[in-house]
Amino acid sequence: MLEPLSMAGKTAGSTSRLGLAPVRRGRAGSAARLSPAPVFAITSGKGGVGKTNIVANLATAITKMKKRVMAIDANLGLANLDLFLGVQPTFTLADFFAGAVSLDKVIVTNREGILLLPGASGVQEITALRHEQKAALLTELDVMTDELDIVLIDTGSGISDVVTYFTTAAQEIVVVVNPEPASITDAYALIKVLASGYDQKRFLILANAVSGAAEAHRLFATLSEAALRFLNVSLDFLDWIPRDPQLLRAVAQAQTVVNAAAASPSAQAFVAVAEQFVRRAKSIKAKGNVQFFFRRMLEGGKA
Ligand SMILES: Nc1ncnc2c1ncn2[C@@H]1O[C@H](COP(=O)(O)OP(=O)(O)OP(=O)(O)O)[C@@H](O)[C@H]1O
Ligand SMILES: [Mg+2]
């Protein structure tokens, strides 16, 4: 039986349960005064285009900018973000949903201070979770993300319940494409579902493993023309990450390229994207309309 985790007793200035800075609390110390971090979902139509590398490297680069980051591994089939971040989680979301542990036991911190909420292989249907399970997750995460500057989600690929659920609840949806033709057609199919079935209108396109700016812009042009013409959705170009053998070398050593080869072209590109994310996160917060990510999830992921 799941034990709902109460917010009671969390008062202004109390010590963070994540061991970060003291928890910022509204005067009343109530959930309504929380200001959860902006959430960026990193997703793709096709698998294997670089999402996990992107999340791990952006989390690393943003942490180096002295911002507090949580990475959520929502790739329930092939959860492997922990390898890139160099941590070995004891528990996963599945243990939390089973009522075995509280969420602060599931979240692990790597040596750089990045928080990871590990993927829950075994929880196949997040939308099929009981209301109390989602409510408990919501309550815990609202509190935890209040202490953070950015939350990044590695969604896994394709058009599954899990992907649509996490992406539609985020403030920014980043769709990753690479030069393989199937990555463009599958990205288009994903955007079509998110736009027509889930009322999503904003998509940032990140071109990965490209030969240069020209190829990145070609990929973007192909995708954005189709999206505008057939879906009436206008896409935004976020940035591009070069194809980089140094990234592959870092992967072979289970490291992020940002740590292993900071001067490499891909590491420098990740830093530039990280700076954009921090700017975007600030402007999302400044607009004062940060929605409670996990409350939105609970309510069905509608914007
Ligand atoms: N910029 C890059 N340059 C060279 N190789 C890359 C680049 N980005 C990713 N790769 C390689 O592409 C492969 C897939 O990367 P990754 O596992 O991050 O993709 P993914 O989208 O998370 O996959 P999945 O959908 O299976 O979770 C890996 O071997 C990775 O090292
Ligand atoms: Mg992956």
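Position numbers for residues count from 1 along each chain, tracking the sequence in the order it is written. Written order determines the labels here, with chains lettered from A and ligands numbered from 1. Since the coordinates come from a predicted model, pLDDT governs what is reported: local features require at least 70, and pairs of side-chain atoms require 80 or more to be given and counted, while whole-chain, interface and lining totals use all residues. With hydrogens and water set aside, each side-chain value is computed from the structure's full complement of heavy atoms.

J.: Would you mind showing me how to read the site of ligand 1 here?
T.: Taken together, 18 residues sit near ligand 1, with Gly-50, Lys-51, Thr-52, Asn-53 and Asn-208 positioned nearest. Contact distances for ligand 1 include 2.7 Å between an oxygen atom and a side-chain N or O atom of Asn-53. Any pair of N or O atoms that falls within 3.5 Å is considered a polar contact. Within protein, one atom must be able to donate a hydrogen and the other to accept it, and sequence-neighbouring residues count only if both atoms are side-chain atoms. Within the backbone of Pro-242, a nitrogen or oxygen atom sits 3.0 Å from a nitrogen atom of ligand 1. Protein coverage of the free-state accessible area of ligand 1, which is 630 Å², stands at 80%. Here a cavity is any set of points on a 1 Å grid over the protein atoms alone where a 1.4 Å probe fits but cannot get out, and a pocket is any open set with protein on both sides within 12 Å along at least 5 of 7 lines; a residue lines the site when it has an atom within 4 Å of a point. A molecule is said to be in a cavity or pocket once over half of its atoms fall within 2 Å of that pocket's grid points. In a pocket analysis with a 2 Å cut-off to the grid points, ligand 1 is assigned to the largest pocket. Any residue with a non-hydrogen atom lying within 4 Å of a molecule or strand is treated as near it. Note on areas: Shrake-Rupley with a 1.4 Å probe; residue coverage comes only from the protein chains shown.

J.: Please explain the sheet that holds strand 1 (residues 39–44) as it appears in this structure.
T.: The rule for pairing is simple: two strands pair if DSSP sees at least two bridges between them. Elements are defined by DSSP. Helices are runs of H or I of four residues or more, strands are runs of E of two residues or more, and each kind is numbered from the N terminus. If you walk across this open sheet you meet the 8 strands as 3-4-2-5-1-6-7-8, and the pairing is mixed. The sheet terminates laterally at strand 3 (108–109) and strand 8 (236–242), the two strands that pair on one side only. Contacts from helix 7 (residues 181–198) reach strand 1, strand 6 (172–177) and strand 7 (204–210), with the element oriented near 155° to strand 6. Contacts are residue-level and defined by heavy atoms, with any inter-residue pair within 4.5 Å sufficient. For helices, the fitted axis covers only the stretch in contact; all axes are lines through C-alpha atoms, and the angles between them, taken along N-to-C directions, range from 0 to 180 degrees. Packing against the sheet, helix 8 (residues 213–231) makes contact with strand 6, strand 7 and strand 8, and its axis sits at approximately 135° to strand 7.

J.: Would you mind showing me how to read empty space enclosed by the protein here?
T.: Any empty space left between the atoms is revealed when a probe the size of a water molecule rolls over them. Grid points are joined across faces, edges and corners, and a volume is the space filled by probe spheres set on the points. This model, assessed by the stated rule, comprises 3 cavities of 30 Å³ or more. As a volume, the largest cavity reaches approximately 50 Å³. Together, Thr-60, Phe-84, Leu-85, Gly-86, Asn-110, Arg-111, Glu-112, Ala-254, Gln-255, Thr-256 and Asn-259 line the largest cavity. Nonpolar residues are Ala, Val, Leu, Ile, Met, Phe, Trp, Tyr, Cys and Pro. Charged residues are Asp, Glu, Lys and Arg, and all others, Gly as well, are polar. In terms of residue class, the lining of the largest cavity is made up of 3 nonpolar, 6 polar and 2 charged.

J.: Please explain the pattern of salt bridges as it appears in this structure.
T.: One side chain can pair with another of opposite charge once the charged atoms of both are near each other. The rule for a salt bridge is simple: a side-chain nitrogen of Lys or Arg has to be within 4 Å of a carboxyl oxygen of Asp or Glu. Taken as a whole and judged by the stated rule, the model has 5 salt bridges. A salt bridge links Arg-202 to Glu-172; the nearest nitrogen and oxygen atoms lie 2.8 Å apart. Note that Arg-202 is positioned in the loop between helix 7 and strand 7 and Glu-172 in strand 6, a separation of 30 residues in sequence. For each residue, the accessible area found with a 1.4 Å probe, counting protein chains only, is set against the maximum for its type, and the residue is called buried under 20%, exposed over 50%, and partly exposed in between. Looking at Arg-202, the relative accessible area reads 43%, which means it is partly exposed. Its salt-bridge partner being Arg-280, residue Glu-172 comes within 3.9 Å of it at the nearest N-O pair. With Glu-172 in strand 6 and Arg-280 in helix 11 (residues 265–286), this residue pair connects regions lying 108 residues apart in the sequence. When its relative accessible area of 5% is taken as the criterion, Glu-172 is described as buried. Salt bridges linked by common partners bring Glu-172, Arg-202 and Arg-280 together as one network.

Purely spatial values, then, with no claim about function.
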